[in-house]
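Chain by chain, the residues run as shown.
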Amino acid sequence: ELLRALFPDTEDKPPRLKNESHQAWTLNELANSYSLNGEPRKAVPVFEQACKLADKLGNKQNLAIGLGNVANMAQIYIGALRSAEANLLRSVSLGAELKNEFHVAAERLELGRVLAYRGEWAEAEKELATALEMFEKQNAVQSQCVVWAYRALRELLILRVVPILALPHN
């Protein structure tokens, strides 16, 4: 409610702040609030506005983060998996351009999860293995554990499909 007060013209337009960086930050925070409040559908267009503004400002770091946020905090939960995949791929590319190894590893981790949800088993494993290798080099133990959790999720998703594939076809 406090953030919405900065949007007297509706949330389809940027907040009434003079500094565009502050506008982008406010949009991102409003989108985070929607997402964390269980309203990912409302979060998507607000995240997208924040990304457009970061892109316009040439702020590649905030754009990379925003693309990851829209994918991880909203699109996955509403089933917009292809859009989430595209945003994560762009975020990975920006992270590599910025030489931010942790960001690249984190987004590849999430890309692995999206690919697993889409049933792209081999590609999911490839992304998860790459993320694990990157996190190991960084000694990011907690992130390594998340990779193993996503690998387990991938296996469970595969097991849901295997019995269907094994049924005799008439």
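To be clear, the structure that these remarks concern was listed above.
How each quantity is defined
Residues numbered from 1 in each chain as written. Predicted model: local features only at pLDDT ≥ 70, side-chain atom pairs only at ≥ 80, totals over all residues. Heavy atoms only, no water. Helix = DSSP H or I, 4+ residues; strand = E, 2+ residues; numbered from the N terminus. Axes fitted to C-alpha atoms, helices over the stretch in contact; angles between N-to-C directions. Parallel < 35°, antiparallel > 145°, perpendicular 65-115°, else oblique. Left-handed = near helix turned anticlockwise from the far one by under 90°. Contact = heavy atoms within 4.5 Å. Nonpolar A, V, L, I, M, F, W, Y, C, P; charged D, E, K, R; others polar. Expected span 1.5 Å × (residues − 1). Buried < 20%, exposed > 50% of the residue type's maximum accessible area, 1.4 Å probe, protein only. Polar contact = N/O pair within 3.5 Å; in protein donor to acceptor, adjacent residues only side chain to side chain. Salt bridge = Lys/Arg side-chain N within 4 Å of Asp/Glu carboxyl O.

> Can you help me understand unusual backbone geometry in this one?
Negative phi values dominate among residues other than glycine, just as trans dominates among peptide bonds. Although it is not a glycine, Lys99 sits at a positive phi angle of roughly 60°. Mapped onto the elements of the fold, Lys99 is located in the loop between helix H4 (81-97) and helix H5 (101-117). Its identity as a non-glycine residue notwithstanding, Asn139 has a phi of 55°, on the positive side. You can see Asn139 is positioned in the loop between helix H6 (121-137) and helix H7 (141-166).

> Would you mind going over the packing of helix H2 (residues 40-56) against helix H3 (residues 60-78) with me for this structure?
Axes are the key here: two packed helices are described by the angle between their axes and the distance separating the axes. In contact at an axis separation of 9 Å, H2 and H3 are set at 165° when each is read in the N-to-C sense. Our classification of the angle between H2 and H3 gives roughly antiparallel. Our pair here, H2 against H3, has a crossing hand that is left-handed. In this structure, H2 uses Pro40, Arg41, Ala43, Val44, Phe47, Glu48, Cys51, Ala54 and Asp55 to contact H3, whose residues at the interface are Asn62, Leu63, Gly66, Leu67, Asn69, Val70, Met73, Ala74, Gln75, Tyr77 and Ile78. For the contact of H2 with H3, a count of residues per class yields 13 nonpolar, four polar and three charged.

> Please clarify how helix H1 (residues 20-36) should be interpreted in this entry.
Counting along an α-helix, one turn takes 3.6 residues, and residues three or four places apart therefore face a common direction. When the terminal C-alpha atoms of H1 are compared, their 24 Å separation across 17 residues agrees well with the 24 Å that a helix rising 1.5 Å per residue should span. Those residues of H1 that sit buried are Gln23, Ala24, Thr26, Leu27, Asn28, Leu30, Ala31, Asn32, Tyr34 and Ser35. As for H1, its buried residues are in contact with H2 and H3. One side-chain oxygen of the residue at the start of H1 lies 2.7 Å from the amide nitrogen of Ser21, identifying that residue as Asn19. Of the residues one or two after H1, Gly38 is the one with positive phi, at around 85°.

> What exactly am I supposed to notice about the pattern of salt bridges here?
Oppositely charged side chains may form a pair once their charged atoms are brought near each other. According to the stated counting rule, one finds 12 salt bridges in the structure shown. A salt bridge links Arg108 to Glu127; its shortest N-O distance comes to 2.7 Å. Of this pair, Arg108 sits in helix H5 while Glu127 sits in helix H6, and the two are 19 residues apart along the sequence. In this pair, the class of Arg108 matches that of Glu127, namely buried. With a shortest N-O distance of 2.5 Å, Arg154 and Glu155 are connected by a salt bridge. Residue classification places Arg154 among the buried positions, given a relative accessible area of 10%. Taken together, the shared-partner salt bridges connect Glu125, Arg151, Arg154 and Glu155 into one network.

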